Amino acid sequence: TNGVIIITTRNARREMPATVEYSGYVSASTWLKTPDFLKADDLRQLYKDGWTFSGANDKDYGASTDWLSEISRTAISHNHNLSVMGGGAHSTYTANLTYNDYQGTIIGTGRSNLRARAMVSQYLLDDKLKLSAEIMASESNGKTGFSPTYVYRQACIQNPTQPIKDENGDWV
């Protein structure tokens, strides 16, 4: 869902019967490839081989955690579009409603959008005058209260032997 979106709009014609159209799709996104970091058992073997570390890898905390798996997901997204259009001898109308919800691959990220558009045209004075009115509204909601880049960075540098929760079930 991170590609180019081409929007083509169809307009109502005069003497057009009322037409209702729906289109929608569902998509899934995931990481194609992730960095190959040391697993907890690999780090434990390095400790046994006499390696010493400082910082996050200073000791074995006893767990086996794949931090990138803990912060990521297969993101499911969906898009829906509903259109109504038609026209009479002296008027046309079109209304569109679009909703999409995009999940991010990092848990807690994504966005949703709701857009509405309505247009009506009236032909007067033997088609010498056309009056048109259009209204549009849009609402977008981002679902990120944090920096996904920072969360990804932290997952990349965490000690794989560090647990996510302590023995009481509280976050570490």
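As a reminder, the structure under discussion sits directly above these lines.
Residues numbered from 1 in each chain as written. Predicted model: local features only at pLDDT ≥ 70, side-chain atom pairs only at ≥ 80, totals over all residues. Heavy atoms only, no water.

Q: Give a detailed account of the packing of aromatic side chains, specifying residues and quantitative values.
A: All told, the structure shown has one aromatic pair when counted by the stated rule. Note on Trp 31 and Tyr 152: the rings are 5.7 Å apart at their centroids and 80° apart in plane angle, and the pair reads as edge-to-face. Residue Trp 31 is located in the loop between β1 (19-29) and α1 (40-48), and its partner Tyr 152 is located in helix α3 (residues 148-157); the two are separated by 121 residues in the primary sequence. Residue classification places Trp 31 among the partly exposed positions, given a relative accessible area of 25%. You can call Tyr 152 partly exposed: its relative accessible area is 30%. A cation sits over an aromatic face here: Arg 14 above Tyr 123, 4.1 Å from the ring centre. (Phe/Tyr/Trp six-rings, centres within 6.5 Å; stacked < 30°, edge-to-face > 60°. Helix = DSSP H or I, 4+ residues; strand = E, 2+ residues; numbered from the N terminus. Buried < 20%, exposed > 50% of the residue type's maximum accessible area, 1.4 Å probe, protein only. Lys NZ or Arg CZ within 6 Å of the ring centre and 35° of its normal.)

Q: Break down the nonpolar core for me, citing the residues and quoting the values.
A: Across soluble globular proteins, nonpolar side chains show a tendency to be buried alongside one another. If you look at the biggest cluster of nonpolar residues, it comprises five residues: Trp 67, Leu 68, Ile 71, Ala 155 and Cys 156. Of all elements in the fold, only α2 (67-71) and α3 reach the threshold of two or more residues within this core. If you tally residues by element for this core, the top one is α2, at three residues. Contacts of Leu 68, omitting those with residues within four sequence positions, involve Trp 31, Thr 34, Pro 35, Phe 37, Tyr 152, Ala 155 and Cys 156. (Core = buried A, V, L, I, M, F, W, Y, C linked by side-chain atoms within 4.5 Å. Contact = heavy atoms within 4.5 Å.)

Q: Before we move on, can you summarise the sheet that holds strand β4 (residues 110-124) with the specific residues and values?
A: The strand order β1-β2-β3-β4-β5 describes an open sheet built from five strands, whose pairing is antiparallel. The strands lining the two open edges of the sheet, one partner per strand, are β1 and β5 (129-142). Direction aside, the axes of adjacent strands within the sheet are offset by 5° on average. As judged from the eleven bridges shared by β1 and strand β2 (residues 75-87), these two strands associate in the antiparallel manner. Within the sheet, the bridge partner assigned to Ala 28 lies in β2 and is Ile 76. (Pairing = 2+ DSSP bridges. Axes fitted to C-alpha atoms, helices over the stretch in contact; angles between N-to-C directions.)

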